[in-house]
Structure formats: C-alpha cells, structure tokens
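Spelled out from the first residue to the last, the chains are:
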Amino acid sequence: MAKQETTAGHTNPAFVNDEGSPGVNKAAEAGEAAAVIKKKELTKEEKQEKFQMLKNVFIISIAFMFLFTSFNSMANLQSSINKVEGTTALSTLYAALVISCAFVPTWMIKKFKAKWTLAVSMLGYSTYIAAQFYPRAWTLVPTSILLGLGAAPMWSAKCTYLTQVGTKYAALVGENAEVVIVRFFGIFFLFFQSTQVWGNLISSTVLSQGKEIDDTPDEVALLSCGVNFCPGTHADNNNTNLEKPPEAQIYTMASIYLACALLSSVIIAVFVDPLTKYGEDDRVGSSTGKSGLELLIATFSHMRHPYQLLIIPLTIWSGVEQAFIGADYTAAYVSCGLGVHMVGYVMICYGVCDAICSVSFSPLVKMIGRVRVFSMGAIINFAIIITLRYWMPHPDDFLVFFAMAALWGVSDAVWQTQINALYGVIFPGESEAAFSNYRLWESLGFIIAYACSTLICIEAKITILLVFISLGAVGYYIIEAIEWRGGLRRDAEGKVVPIDKLFVE
C-alpha cells in the first residue's frame, strides 16, 4: 500500500508473519548459535521443485512491481491533477484499509486461497486507475474503498505465500527457514522499491510532452508556493504551473498504468502455482488462528501496553510524513514551483534514496546502534521541515527540489525499516496485535494528512508535522530510557503490567 502502506509503503523484510505483520527475526539474532540444518544433495525432481519455488517468488515480485509502478505514481499526482476529489479518495482509501485489516484478510485467504486472493485483490487497484479516465467524487471514492478493502488481504496473501514457500524451500534444500524467508522478502522488496523509478519515469515522460522548457517564471504566482500555498485560493488558480495537464496526456498515462495493473493480476493468475501445492491447506488463517473479530479485540486490548501508547505518535508520524511528501510537497513545492511534469522526476530521486537507505540501515544499526539511527532520521526531518517553512520554491533553485526529496527519502527509510523492527523488539510474542496496531495508527496518519490536504494551508501542515515528529521522538526516547533502566514492570507470570494496572498495588 501507503506507500504502508500502502504505503504504504515500505516494510522491513526481517520477518513477516502470515497476517502480513513484519516482526523481528529472533533466530537471526541468536543467528549462528541456532541449529543449522545440514544441506543435502538434491535429486532431479527436487531441483525442479526448487526452481518452481524460486520462479513463484520472482513472478509475485514482478507482478507487484507492475501493480505499484502504476498505483504509486498515480497517487503521487492526485494532489496536482485531481486536487479535491483525488486527495479525498486517498483519505477514504486508508479508512477502508483500516477496516479491511481487521476483518477481511483471514476470511478471504481461507475462502479463495492465497493465489486467487492476490489476483482478485489486484483488480481493485485496476478499478481505481480506470476511474482516472473520469475523475469525479462518485468514481474515485467508491473505487478507493474497493482498493482499500482489497489491499489488506492482498498484502497478507503475499506474506502468507512467501512465508509458506520459504519454509518448504528451506526444508527441501536444508537451510534455516527464517534465513530463507528473509532472502525471499529481500528479493520481493528489491523489485517493489524500484516502482518509484519506473512509474514516475512514465508520468514525467508523458507529462513533459509539448512542455516549453524556457518558460519565464511568473514571479507573482511563485509567491503563492511553498509555505504560502493554500489549495483552491485565487493565487493558486492563477499559477500556470498548477494548470491541469491536457486530458490527452492524462488518458495516455492512465492507459499505461491501467495496462500495468491489469497485467499484474494476469501474471498471478497464469504463472503462479497455487499455494495448496506447498501445504496451504495445513494453515488456518492467521498464525494463531484468530478470527477477524478476535484480532480486532486483541488489537484494542494491546493498547493497554505502556509501550504501545508511547509509540502511537511515532507510528502516526510514519503515515503523515509519507502522505506529506506524496501529496503536499509535490503540489505546494514541485508542481507550484516547477510544474506538474517535474513531479515524477523529483519522486524518482526520493524513491532511489529511500530504497538505497532501506537496504543500508540494517547493517548501520548493527554498527552504531538503533538510537543513533533514529536520531539521525529525526534530525534530518526537523531540518527539512524548518527549511520548507522558510524556503520559497523558485525554478532557479532547481537542485534544491531534488535535495529536499532525497533527504526526505533518507529519513523515510529510517522510519519504515526501524519502526517495524522496533515493534518486534518491544512486543516479543505479540506480533499480531502489535502490528495490527502499527497498520491502524499508520493508516490514521495517512487519513489525517490526506483529509487535511485540501482543507488547510501548508503553513498549518508544517506545524502538524512538527507536532507529530516531536511527540513521536519524545515517546521513542522514553521507551529507550525505560529499556536502559531495565524495562517495564512485570507480574508474577512475567507479563508486562498493563497501563490501567501499572499504578495499582
């Protein structure tokens, strides 16, 4: 999804359970001390089965690459080409995703199995892109709801498939199962992270057609950009950079993206083997067998955990900051200062830096520690937010647009990889409820940002950013301080005392 999520988003492929919840690879930490299964020589039939498993991993990865090449790039442009309806639809999408996470994945995977859950859910993305041919509230909002309801089971089915195949592959070749699962998710995210490049390259190439490159900037109109940007105002409407691209270009772009989205579903349906071939019928929905309602109850009950309350602002920040770069920065700074046709190129820079840093930060954490990496991400974000408060975008500052996006990509990589890992560290043995909370609060961050996108000015949005990153940083450092002092109080059974009983003797 955003980006969770979607977005969204990006997920740390350390370990993902069959409900789509990333967790911490405890065996990897024990690592070399864990029992290693001795590798064995494979027969011809076993080599063929090994090839089939790898083929399925690559095919699923390629299908997701096609799907999010289209969706991510179209979502990035909504605040520029469908200012009100587009951002309203994105807010609705994440609201539907929250509801879907609680009830749909377990039922749908059990009903349709993992393969067909993937294929059917991907069609929801196609309906949303098809709505771009006639973008109105009554076309975008319903298709956004359909997409949101399908996104959660799609991601859960993907995680279920890769985890199950990874387990079978490890048993076949004689490797540690968790090591293989990490490898398979690494392959998947290698393809997934490239979608910002391909999709935005398509959009910028199409939207640049016929665009004059020597246009003299309208200095008066540029005064309405940056921190002065207010959607729907008179100055906004008079800025030629913010003019909606010709419909022919939008139709061309939407046609390419729709073809990619439909192709992703076809690829899954035609080329991916059913998971029943690898023991899907032995599984029962989630890893603990919880129904959707039971998982929902566990999710809200988990909020009694002191750490969960402390980490909520940081989790909301994760959604808010992704939505800001995708909707507000692209509209108020890039589109307003340079033109809509430059959005894709700037977001390519963001995506490349995000992808490179996502891979780099895991070894960096081992070298300098989690606290320093978190602090680095917070300092970078604080610096960019303050810069955006005072910098007035102008075409003469061409490289600054890319520098801001690149640095935001670096900090986003911190949040997307390390918040996921932190959830696994501070909530051992509670992965389902913990990561259900993660999806809930991050999605709420997306909803807040997209809902405010067309209602308030950039100056107010920058204040909101500062509030959430400040609260998030405070909550995080309190958790680290408690851990440094020995952790939370526990009862006689070794369980963390919930917040409602923490001060009761």
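Structure first, text after, so check above.
Everything numeric here is computed off the predicted structure, so don't read it as measured data.

A. Inspection of the overall build of the protein at higher detail. From N to C terminus, the protein includes 17 helices and 0 strands. Counting every position in the protein, which comprises 505 residues, the buried fraction comes to 58%. With an accessible surface of roughly 20,600 Å², the protein has 67% of that area assigned to carbon and sulfur atoms.

B. Summary view of the nonpolar core. Formed by 136 residues in total, the largest nonpolar core has its most connected members in Tyr329, Leu388 and Trp408. Top element by residues in this core is helix 12 (residues 306-337). It accounts for 17 residues. Each residue touching Trp408, except ones within four places of it in the same chain, is listed here: Trp317, Glu321, Phe324, Ile325, Tyr350, Asn381, Ile384, Ile385, Leu388 and Leu465.

C. Seen up close, the side chain of Ser144. With respect to the element layout, Ser144 can be found in helix 5 (residues 137-173). For Ser144, the contacting residues outside a window of four places in its chain are Ala89, Leu90, Leu93 and Tyr128.

D. The arrangement of the packing of aromatic side chains in detail. One pass over the full model with this rule turns up 31 aromatic pairs. Look at Trp391 and Phe401: their rings are 5.0 Å apart centre to centre, the planes differ by 70°, and that puts the pair in the edge-to-face class. Note that Trp391 is positioned in the loop between helix 14 (370-390) and helix 15 (398-426) and Phe401 in helix 15, a separation of 10 residues in sequence. Judged on exposure class, the residue Trp391 and its partner Phe401 are both buried. An aromatic cluster is defined as three or more aromatic residues linked by ring pairs; in this entry it consists of Phe64, Phe68, Phe71, Tyr125, Tyr128, Trp155, Phe188 and Phe192. Between the NZ or CZ atom of Arg136 and the centre of the ring of Tyr134, over which it lies, the distance is 4.3 Å. Against the face of Tyr390 rests Arg389, its NZ or CZ located 5.1 Å from the ring centre.

E. Fine view of the state of the cysteines. Per the stated rule, a full pass over the model turns up 2 disulfides. Across the disulfide, Cys230 is cross-linked to Cys457 (sulfur-sulfur distance 1.7 Å). Judged by the torsion about the S-S bond (110°), the Cys230/Cys457 disulfide is right-handed. Pair noted here: Cys230 is in the loop between helix 8 (219-222) and helix 9 (234-238) and Cys457 is in the loop between helix 16 (431-452) and helix 17 (458-484), with a separation of 227 residues, a long-range link. Here Cys230 falls in the buried class, since its relative accessible area comes to 16%. Classification of Cys457 by relative accessible area gives partly exposed; the value is 28%.

F. Looking closely at the pattern of salt bridges. The full count for this structure, using the stated rule, is 6 salt bridges. A salt bridge links Asp273 to Lys277; the shortest N-O distance between them is 3.6 Å. Given the relative accessible area of 14%, Asp273 is considered buried. Counted as one network, the salt bridges with shared partners bring together Lys55, Asp273 and Lys277.

G. Structural context of a nonpolar patch on the surface. Where nonpolar side chains cluster on the molecular surface, the patch consists of Ile99, Phe103, Ile145 and Leu149 and spans about 340 Å² of accessible area. Assignment of secondary structure puts Phe103 in helix 4 (residues 83-130). Among the residues examined, Phe103 registers a relative accessible area of 43% and is labelled partly exposed.

H. Molecular detail of unusual backbone geometry. Phi is positive for Lys113, close to 70°, though the residue is something other than glycine. Relative to the elements of secondary structure, Lys113 occurs in helix 4.

I. Main features of helix 5. The terminal C-alpha atoms of helix 5, which comprises 37 residues, lie 52 Å apart, in line with the 54 Å expected from a rise of 1.5 Å per residue. Its axis deflected by about 30° at Ala151, helix 5 carries its strongest bend there, up to four residues before the proline Pro153. The buried fraction of helix 5 is high, at 27 of 37 residues. Directly beyond the C-terminal end of helix 5, a positive phi value near 80° is found at Gly174.

J. Structural view of helix 10 (residues 247-271). End to end, helix 10 covers 35 Å across 25 residues, agreeing with the expected 36 Å (1.5 Å per residue, within 8%). Restricting attention to buried positions, one finds in helix 10 the residues Gln249, Ile250, Met253, Ala254, Tyr257, Leu258, Cys260, Ala261, Ser264, Ser265, Ile267 and Ile268.

K. Focus on the packing of helix 12 against helix 14. Packing of helix 12 against helix 14 leaves a shortest axis separation of 13 Å and a crossing angle of 35°. The handedness of the crossing between helix 12 and helix 14 is left-handed. On the side of helix 12, the interface is formed by Leu314, Trp317, Phe324, Tyr329 and Tyr333, while helix 14 contributes Phe374, Asn381, Ile385 and Leu388. Partitioned by chemical class, the residues of the contact of helix 12 with helix 14 number 8 nonpolar, 1 polar and no charged.

L. Highlighting the environment of Leu364. By secondary structure assignment, the location of Leu364 is in helix 13 (residues 343-368). Residue class for Leu364 comes out partly exposed when judged on its relative accessible area of 23%.

M. Spotlight on the environment of Glu85. With respect to the element layout, Glu85 can be found in helix 4. Classification of Glu85 by relative accessible area gives partly exposed; the value is 30%. The spacing of Glu85 and Arg136 is 51 residues in sequence and 6.4 Å in space, taken between C-alpha atoms. Look past the residues within four positions of Glu85 in its chain and what remains in contact with it is Arg136, Ala137 and Leu140.

Basis of the calculations
Within any chain, residue numbers begin from 1 and follow the written order of that chain's sequence. For this predicted model, a pLDDT threshold of at least 70 governs which residues receive local features, and a threshold of 80 or more governs which side-chain atom pairs are given and counted, while totals over whole chains, interfaces and linings are taken from all residues. Where side-chain values are given, they derive from all heavy atoms of the structure, hydrogens and water being excluded. The helix and strand labels rest on DSSP assignments: H or I over at least four residues marks a helix, E over at least two residues marks a strand, and numbering proceeds from the N terminus. The cut-offs for exposure are 20% and 50% of the maximum accessible area for each residue type, with area from a 1.4 Å probe on protein chains only; residues under the lower value are buried, those over the upper are exposed, and the others partly exposed. Method for areas: the Shrake-Rupley scheme with a 1.4 Å probe, in which residue coverage is limited to the protein chains shown. What is meant by a nonpolar core is a set of buried Ala, Val, Leu, Ile, Met, Phe, Trp, Tyr and Cys residues, joined one to another through side-chain atoms within 4.5 Å. Note on definitions: a residue-residue contact is assigned when non-hydrogen atoms from the two residues lie within 4.5 Å. Paired rings are identified among Phe, Tyr and Trp, the last through its six-membered ring, by centres lying within 6.5 Å, and are further divided according to the angle between planes into stacked (under 30 degrees), edge-to-face (over 60) and tilted (the rest). Put simply, a charge is over a ring when the Lys NZ or the Arg CZ is close to the ring centre, within 6 Å, and near the line of the ring normal, within 35 degrees. We call a pair of cysteine sulfur atoms a disulfide whenever their separation is within 2.5 Å. For salt bridges, the criterion is a side-chain nitrogen of Lys or Arg within 4 Å of an Asp or Glu carboxyl oxygen. Here the term patch refers to residues with relative accessible area over 30% and no salt bridge, with like charges joined within 9 Å and nonpolar side chains (Val, Leu, Ile, Met, Phe, Trp, Tyr) within 5 Å. Helix span, expected: 1.5 Å multiplied by one less than the number of residues in the helix. What is called the bend at a residue is the angle between a pair of axes, fitted to the seven residues leading up to and ending at it and to the seven starting from it. Axes, fitted as lines to C-alpha atoms, cover a helix only where it is in contact. Angles between the N-to-C directions of the axes lie from 0 to 180 degrees. Each crossing gets its hand from how the near helix is turned against the far one by less than a right angle, where anticlockwise is left-handed and clockwise is right-handed. Three categories are distinguished: nonpolar for Ala, Val, Leu, Ile, Met, Phe, Trp, Tyr, Cys and Pro, charged for Asp, Glu, Lys and Arg, and polar for the others, with Gly belonging to the last.

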